[in-house]
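Letter by letter, the chains look like this.
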Amino acid sequence: MSVGGYSKLPNGTVVVALNLPSPAADAPAGVRVLVHARNRARALTRLRNLGLRAVYLRGNAAPPTPDEITAVLHHPDGLIWRTADTLTLELWHPIKALLRQ
């Protein structure tokens, strides 16, 4: 089950953040995915349409930080990811880079 959260923006849209297990079998850390959408249901639908079928958001245990919100708002697709390991400084990647791996 994924841990995540959301943040509602002043214009009515939301940013949803989810920590998902890594798709690579040999990778120890999972990935953190950020989605910008009109509402939470549409954000999860965007992920499901990309093939991430078992994605659910229950609760608000790990909402996106202000830096993460800024990153996803400045990305043209509004859908980015990076490894969930907080010890390394890694740039955000477009979701297409994750699905290619």
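Everything quoted here is computed from the prediction, not taken from an experiment.

S.K.: Quick rundown of the pairing of strand β4 (residues 79-83)? Include the residues and the values.
M.R.: Examined bridge by bridge, strand β3 (residues 31-37) and β4 share 5 bridges and lie antiparallel to one another. What sits directly across from Val35, in β4, is Leu79. Note: β4 against strand β5 (residues 93-94), 2 bridges, orientation antiparallel. Residue pairing in the sheet places Ile80 in a bridge with Pro94 of β5.

S.K.: Provide a residue-level description of the confidence of the model for the protein, including the pertinent values.
M.R.: Averaged over the protein, the pLDDT score is 85; the fraction of residues at 70 or greater is 86%. No element of the protein has a lower mean pLDDT than helix α3 (residues 95-100), which averages 73, and none a higher one than helix α2 (residues 66-73), which averages 93.

S.K.: Summarise the sheet that holds strand β1 (residues 3-8); cite the residues concerned and give the values.
M.R.: The 5 strands are arranged β1-β2-β3-β4-β5 in an open sheet whose pairing can be described as antiparallel. Where the open sheet ends on each side, the last strands, each with one partner, are β1 and β5. Contacting β1, β2 (14-20), β3 and β4, helix α1 (residues 40-49) crosses the sheet at an angle of about 125° to β3. Here α2 sits on the sheet and contacts β1, β2, β3 and β4; the angle it forms with β3, its principal contact strand, is near 60°.

Conventions adopted
- Residues numbered from 1 in each chain as written.
- Predicted model: local features only at pLDDT ≥ 70, side-chain atom pairs only at ≥ 80, totals over all residues.
- Heavy atoms only, no water.
- Pairing = 2+ DSSP bridges.
- Helix = DSSP H or I, 4+ residues; strand = E, 2+ residues; numbered from the N terminus.
- pLDDT = per-residue confidence, 0-100.
- Contact = heavy atoms within 4.5 Å.
- Axes fitted to C-alpha atoms, helices over the stretch in contact; angles between N-to-C directions.

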